[in-house]
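# Architecture at a glance
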Amino acid sequence: MNHKVRRRVTKATLTVLAISSLGNPIIAIAETIDFNGLSFNLLSNQAQPVEDTAAASFSFAQNRFIVTKNEVTTIPFQSTVEVNEVSFELPEHVHMSEEDLPSNLKASKDQATNQWTLTAAEATKTFALPVVFATEGSFPITVGDGETTVDVRSTDTNSSSEQLQAVPEMMLRQSLRAMKTLRIGMRYCLMAVREQWKTVAVLWKHSLINVCQKSY
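Note that the coordinates shown come from a computational prediction; the quantities given were computed from them, not determined experimentally.

## Topic: unusual backbone geometry
Positive phi is not limited to glycine here, since N70 has a value of about 65 degrees. The exposure class of N70 is exposed, given its relative accessible area of 52%. The residue N114 is not glycine, and still its phi comes out positive at about 60 degrees. Within the element layout of this structure, N114 appears in the loop between β7 (105-110) and β8 (115-133).

## Things to note about a nonpolar patch on the surface
Taken together, V193, W197, V200, W204 and L208 make up a surface patch of nonpolar side chains, about 560 Å² in accessible area. The residue W204 is located in helix α2 (residues 155-215) in this model. Taking relative accessible area as the criterion, W204 reaches 57% and is therefore assigned exposed.

## A closer look at the nonpolar core
Grouped together as the largest cluster of nonpolar side chains are 28 residues, with contacts concentrated most on F77, L118, L129 and F133. Of all the secondary-structure elements, those providing two or more residues to this core are β3 (58-60), β4 (64-68), β5 (72-89), β6 (94-96), β7, β8, β9 (137-143) and β10 (146-153). If near-sequence neighbours (up to four positions away) are discounted, L118 is found in contact with F77, N84, E85, V86, F88, M96, L101, K106, A107, F127, A128 and L129.

## Quick look at the pattern of salt bridges
Note that side chains of opposite charge can pair when their charged atoms are close. Going through the model one piece at a time under the given rule, you end up with one salt bridge. A salt bridge links R64 to D151, with the shortest nitrogen-to-oxygen separation between them at 2.7 Å. Of this pair, R64 sits in strand β4 while D151 sits in strand β10, and the two are 87 residues apart along the sequence.

## Considerations on the pairing of β5
The pairing of β3 with β5 spans three bridges and is classified as antiparallel. When the sheet's bridge partners are listed, S59 is paired in β5 with Q78. Direction of pairing for β5 relative to β8: antiparallel, over a ladder of 13 bridges. Within the sheet, the bridge partner assigned to V83 lies in β8 and is T124.

## Comments concerning the pairing of β8
Where β6 and β8 come together, three bridges link them in antiparallel fashion. Counted as the bridge partner of M96 is V131 from β8. Pairing analysis gives six bridges linking β7 to β8, with the strands arranged antiparallel. Of the residues in β8, the one forming a bridge with K109 is W116. The antiparallel pairing of β7 with β8 creates a hairpin that spans four residues between the two strands, and N114 there sits at a positive phi of about 60 degrees.

Thresholds applied
Residues numbered from 1 in each chain as written. Predicted model: local features only at pLDDT ≥ 70, side-chain atom pairs only at ≥ 80, totals over all residues. Heavy atoms only, no water. Buried < 20%, exposed > 50% of the residue type's maximum accessible area, 1.4 Å probe, protein only. Helix = DSSP H or I, 4+ residues; strand = E, 2+ residues; numbered from the N terminus. Patch = residues over 30% accessible without salt bridge, like charges linked within 9 Å, V, L, I, M, F, W, Y side chains within 5 Å. Areas by Shrake-Rupley, 256 points an atom, 1.4 Å probe, with all protein chains shown as cover. Salt bridge = Lys/Arg side-chain N within 4 Å of Asp/Glu carboxyl O. Core = buried A, V, L, I, M, F, W, Y, C linked by side-chain atoms within 4.5 Å. Contact = heavy atoms within 4.5 Å. Pairing = 2+ DSSP bridges.

Have a look at this one:
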């Protein structure tokens, strides 16, 4: 009788161990079963708990991003707890660049709800959104309770800004050149006035000499 009990318990133990080797990581819990005075330790499997996404709080690396239209921009954000996936919606004219996702992340979109889901290979606190903005403007990006604003500018706008910044520098250079030219002109004027005064002084001198000679 005891031999049959041992065989059954042994089979049950092997079955439990085989099942545990195929699933996710487990937490082993020892249990003792007593059959007719014979004690056997069995291992039961329990799936490792995963953090609930609803309990996570999200935040972005910056409150505001300034990006260029039609260029891939990676917007990082993080969670307060490790999670396997996070869902969110992107504004209109904003597209996910899936080929630029980090290797540990995969993206999927529900066409019915227009909702994106980022899935991590392993639970993590850090995520990244590689996105492209097709138009200029200011766009809010929200993930859970975290929110940031993205200001999108075109390359033409950036070039215009650079040109506007260059205008004062150009005017300053022109003003310096004009001042230099004016200074040179004033120097020549002073030299001419000085020569004229010399001529006048010589004439006055000769005039005084002539007057004196006539008076004698």
